[in-house]
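So the chains spell out like this:
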Amino acid sequence: MTDLMEAVTSLAKRRGIAFQSAEIYGGLRSSWDYGPLGVELRRNIRNAWWRANVQLRDDVVGVEAAVITSPKVWQASGHLETFHDPLVECTNCHQRFREDHLQLSANADGIVLCPNCGGAEFTEPKQFNLMLKTFLGPIEDDDAIAYLRPETAQGMFVNFPAIQAVARKKLPFGIAQVGKSFRNEITPGNFIFRTREFEQMEMEFFVEPGTDDEWFAYWVERRMNWYLDLGVSKEKLRLRPHETEELAHYAKAATDVEYEFPFGWQELEGIANRTDFDLNAHQAASGEDLTYFDQEKEERYLPFVIEPAVGVDRALLTFLLDAYRVEEVPTAKGDTDKRTVLGLHRDLAPIKVAVLPLSRNEKLVPEARRVHDLVKPEWITQYDDAGAIGRRYRRQDEVGTPFCVTVDFDSLDDAQVTVRERDSMAQERLPIANLVAYLKDQL
Ligand code: GAP
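In this report, the structure presented in the accompanying data block is examined. Everything numeric in this text was worked out from a predicted model, so none of it was measured.

### Description of the overall build of the protein
At step 1: The helix and strand inventory of the protein stands at 14 helices and 24 strands.
At step 2: For the C-alpha atoms alone, the extent of the protein along its principal axes is close to 75 × 65 × 50 Å.
At step 3: Out of the 443 residues belonging to the protein, those deemed buried represent 49%.
At step 4: Of the contacts formed within the protein by residues at least 6 apart in sequence, a portion of 65% connects residues at least 24 apart.
At step 5: In the form shown here, the protein has an accessible surface area of approximately 21,700 Å², with 48% of it arising from carbon and sulfur atoms.

What follows is the structure, given as structure tokens:
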């Protein structure tokens, strides 16, 4: 693991953002639980996505479809037949790997060595289906087989006519969904980057055939800008169009938003032109009419679909890595100290305001509590009175809290508090009566 990955993983664990699931039993590979700050950060990521892609638009509506769907959906969508990764086994240690991932570690002569034992011989690749299977009901036979969804997308396709009718939307319009997906990944890893259970934020944007290339370009640009608007470093983001041979079975074109992770440039989000592949497949398999009636043209057709799709967990890892910094700061004594800062965008910061009484003095505490009561209804806040004030600032910097409000002895006389901003560390004195309005303006 690189230093940055190690630092961020350790911070995530130490501060209750994300940690190994069921750690008391030794954990489960690739399963992670999110603690109090992780929960807030995830909620903020989802909210930022929903706000940009649904709330602020007139042409996108939401859906929450079931995780366990009829197997007929996966039959028709092609996932049962083609949602595969190439699996190889080391003939020496019998560990299994994704062949395409192994190829990336080939040396200059094209030789690939087993990352586990150094062996150089592998079995022929065989196609391994990534769908997680379960059984519904008490009898575990073929009729009871069901699958946990490997993408949320199909929930939008099978509900397309119903949602179009109830939302009374004309093309172009989109259906958005945020929810868990599951894949039996051969090689999960890199903390929360690739896991078997993850959450996706996806949108199927239905357009008239022939306008799809234009809408594809539109969504690629919009999605890239979303990361930039949330403060992700421009030089660490890039767009990578897919080669024809790597396109998913449903796509005519695809572009990834890639981020330069400590383990290399990797897909952060995928934007695909899925054509009418899915609607066509579900129409053929279900026998239902999934066409759209275009009133202006007075004709029926199957819309084409542009799909931006990103994982909440992968976005969270990106925001953490990108925001993490350690910097030298001057101390009151005239020397320097180090502080760790998560320079998260204010919309994403798990805690927006921390209220810190200078000490646990019995006169200060009621006033600090009163100030906390003022801000608590507005944002996720924290009241912290444990330890030296400098340490408490560091604790908040480390989790990206944009503002700390300090209540000191002067506050008791002048009804003012000190507001400290995370990045500049600038401190401003202002009346308690103006505090909420001031913070609202800043946040
Ligand atoms: N509906 C299209 C679709 O699912 P994908 O590229 O396979 O496309 C979209 O997935 C996004 O979901 C990825 O860009 C990534 O952010 C996230 N994702 C996919 N598999 C993941 C996994 N095993 N662990 C974490 N996130 C994953």
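### Some details on helix H1 (residues 3-14)
At step 1: Relative to the 16 Å expected for 12 residues at 1.5 Å per residue, H1 spans 16 Å between its end C-alpha atoms, a close match to the ideal helical length.
At step 2: Residues of H1 that are buried: Met-5, Val-8, Thr-9, Leu-11 and Ala-12. Looking down the long axis of H1, one finds its buried residues gathered within 160° of arc, a one-sided arrangement.
At step 3: Tucked inside the fold, the buried residues of H1 contact strand S1 (18-20), helix H10 (312-323), strand S18 (324-330), strand S19 (336-342) and helix H12 (389-398).
At step 4: Two residues or fewer past H1, Gly-16 is found with a positive phi of approximately 70°.

### Side note on the site of the ligand
At step 1: The environment of the ligand is made up of 21 residues, and the closest members are Glu-151, Arg-183, Thr-195, Glu-202 and Glu-267.
At step 2: Take Arg-274: an N or O atom from its side chain is 3.4 Å from a nitrogen atom of the ligand.
At step 3: For the ligand, whose unbound accessible area comes to 550 Å², protein coverage reaches 91%.
At step 4: When residues of the shell around the ligand are traced back to their parent elements, those giving at least two are strand S11 (197-207), strand S14 (264-275) and strand S17 (304-311).
At step 5: By residue number, the principal contributor to the shell around the ligand is S14, which donates five residues.
At step 6: Residues of the shell around the ligand, tallied by class, amount to seven nonpolar, four polar and 10 charged.

### Things to note about empty space enclosed by the protein
At step 1: A complete count under the given rule lists one cavity of 30 Å³ or more for this structure.
At step 2: Lining of the largest cavity is provided by Ala-65, Ala-66, Thr-69, Trp-74, Arg-149, Glu-151, Thr-152, Gln-154 and Gly-155.
At step 3: A per-class count over the lining of the largest cavity returns three nonpolar, four polar and two charged.

### What to know about the sheet that holds strand S6 (residues 96-98)
At step 1: In space, the three strands of this open sheet follow the order S6-S5-S7, with antiparallel pairing throughout. The open sheet terminates on both sides in strands that have one partner only, identified here as S6 and strand S7 (126-129). Direction aside, neighbouring strands of the sheet carry axes that sit 45° apart on average.
At step 2: In this sheet, S7 lies alongside strand S5 (residues 84-89) in antiparallel orientation, the contact comprising four bridges. Paired with Leu-87 across the strands is Lys-126, a residue of S7.

Conventions used here
- Residues numbered from 1 in each chain as written.
- Predicted model: local features only at pLDDT ≥ 70, side-chain atom pairs only at ≥ 80, totals over all residues.
- Heavy atoms only, no water.
- Helix = DSSP H or I, 4+ residues; strand = E, 2+ residues; numbered from the N terminus.
- Buried < 20%, exposed > 50% of the residue type's maximum accessible area, 1.4 Å probe, protein only.
- Contact = heavy atoms within 4.5 Å.
- Areas by Shrake-Rupley, 256 points an atom, 1.4 Å probe, with all protein chains shown as cover.
- Expected span 1.5 Å × (residues − 1).
- Arc of directions from axis to C-beta.
- Near = heavy atom within 4 Å.
- Polar contact = N/O pair within 3.5 Å; in protein donor to acceptor, adjacent residues only side chain to side chain.
- Nonpolar A, V, L, I, M, F, W, Y, C, P; charged D, E, K, R; others polar.
- 1 Å grid on protein atoms, 1.4 Å probe; cavity = no way out; pocket = protein on both sides within 12 Å on 5 of 7 lines; lining within 4 Å.
- Points joined across faces, edges and corners; volume = space filled by probe spheres on them.
- Pairing = 2+ DSSP bridges.
- Axes fitted to C-alpha atoms, helices over the stretch in contact; angles between N-to-C directions.

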